[in-house]
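# Descriptive analysis of the structure
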Amino acid sequence: MSFSLSNISTREKVFLLTGGALATLILLYVFLLDPIQERTQQLSRLIPQKEEELGAFSRLQEEYFFISDQMKQIEARLPQQGQFSPLSYLEGIAKQSDVRGNIAYIRSVPTIVRAPYMEIPVEVKLEAVTLDRAIFFLDAIERSNYFLRIKRLNIRTLSSDAKKLDVVFVVASYEKI
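What comes next concerns the included structure. (Residues numbered from 1 in each chain as written. Predicted model: local features only at pLDDT ≥ 70, side-chain atom pairs only at ≥ 80, totals over all residues. Heavy atoms only, no water.)

Right, let's talk about unusual backbone geometry for a bit. Look at the link from Ala115 to Pro116: it is a cis peptide, with omega at 10°. Along the chain, Pro116 turns up in the loop between β2 (112-114) and β3 (117-130). Backbone geometry at Asp98 places phi at a positive 60°, although glycine is not the residue there. Following the sequence through the fold, Asp98 ends up in the loop between α2 (86-96) and β1 (103-108). Judged by relative accessible area, Asp98 falls into the exposed class, the value being 57%. Positive phi, normally seen in glycine, also occurs at Ala128, with a value near 50°. Along the chain, the position of Ala128 falls in strand β3. (Helix = DSSP H or I, 4+ residues; strand = E, 2+ residues; numbered from the N terminus. Buried < 20%, exposed > 50% of the residue type's maximum accessible area, 1.4 Å probe, protein only.)

Here it is in structure tokens:
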């Protein structure tokens, strides 16, 4: 028994063609249109998330350039190794600030090396100094042309004279290695 389109009626031909067309449409929808539609919806949901990530990336980029510029400014203030003595510099500022007579000690603390920089901490103790002289001295240190940072600060009033202070602090200077 052989199958031939000539042996079937027109009604059966229409039925077969309609069924074939319907099956083709269903297959097109299932394998082509539905996946495209699902992917489009998925991408539509991702657009706000990606826009937010892009905004965060832009903010990070701005922050990076800002910090990079700050680092360049700080590095411009850093002396090369051996070109700066924090002990003598602090002594000079103490003389200008009129607290040299109040200095109990200025001593070096062990250096910390973190390539490409070296941190040189110095501990300073002022005894029986007035608040305005201590502030003037600390302000002069912070306004220095060199990059100096006050890392630790301890202030105590004297029990014998409430207007006088004992001030102990650590100043860190930095050098390029």
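By the criterion of burial, strand β5 (residues 164-176) is predominantly enclosed, with 11 of the 13 residues buried. In this structure, β3 lies alongside β5, joined through 12 bridges in antiparallel fashion. Pairing of Val122 across the sheet is with Val171, part of β5. Of the strand pairs in this sheet, strand β4 (residues 148-157) and β5 are connected by nine bridges, and their pairing is antiparallel. Of the residues in β5, the one forming a bridge with Asn154 is Val168. Between the antiparallel neighbours β4 and β5 lie six residues. (Pairing = 2+ DSSP bridges.)

Turning to a nonpolar patch on the surface, a few remarks are in order. On the surface, a cluster of nonpolar side chains totalling about 1100 Å² of accessible area is made up of Leu22, Leu25, Ile26, Leu27, Leu28, Tyr29, Val30, Phe31, Leu32, Leu33 and Ile36. With respect to the element layout, Tyr29 can be found in helix α1 (residues 10-77). (Patch = residues over 30% accessible without salt bridge, like charges linked within 9 Å, V, L, I, M, F, W, Y side chains within 5 Å. Areas by Shrake-Rupley, 256 points an atom, 1.4 Å probe, with all protein chains shown as cover. Salt bridge = Lys/Arg side-chain N within 4 Å of Asp/Glu carboxyl O.)

Quick look at the packing of aromatic side chains now. Using the criterion set out here, one finds six aromatic pairs in the structure. With 5.5 Å between their ring centres and 45° between their planes, Phe147 and Tyr174 make a pair best called tilted. One end of the pair, Phe147, is in the loop between α3 (131-142) and β4; the other, Tyr174, is in strand β5, and 27 residues separate them in sequence. Judged by its relative accessible area of 22%, Phe147 falls in the partly exposed class. Members of the aromatic cluster, joined through ring pairs, are Phe84, Tyr89 and Tyr146. When the ring centre of Tyr105 is taken as origin, the NZ or CZ atom of Arg107, which lies over that ring, is 4.0 Å away. (Phe/Tyr/Trp six-rings, centres within 6.5 Å; stacked < 30°, edge-to-face > 60°. Lys NZ or Arg CZ within 6 Å of the ring centre and 35° of its normal.)

To continue, consider the nonpolar core. In this structure, Leu126, Phe137, Ile141 and Phe169 are the most contacted members of the largest nonpolar core, which totals 20 residues. Elements with a minimum of two residues in this core: α2, β3, α3, β4 and β5. The element that contributes the greatest number of residues to this core is α3, accounting for five residues. If sequence neighbours within four positions are ignored, Leu126 has contacts with Val99, Asn102, Ile103, Phe137, Leu165, Asp166, Val167 and Phe169. (Core = buried A, V, L, I, M, F, W, Y, C linked by side-chain atoms within 4.5 Å. Contact = heavy atoms within 4.5 Å.)

Keep in mind that these numbers describe shape and distance, not what the molecule does.
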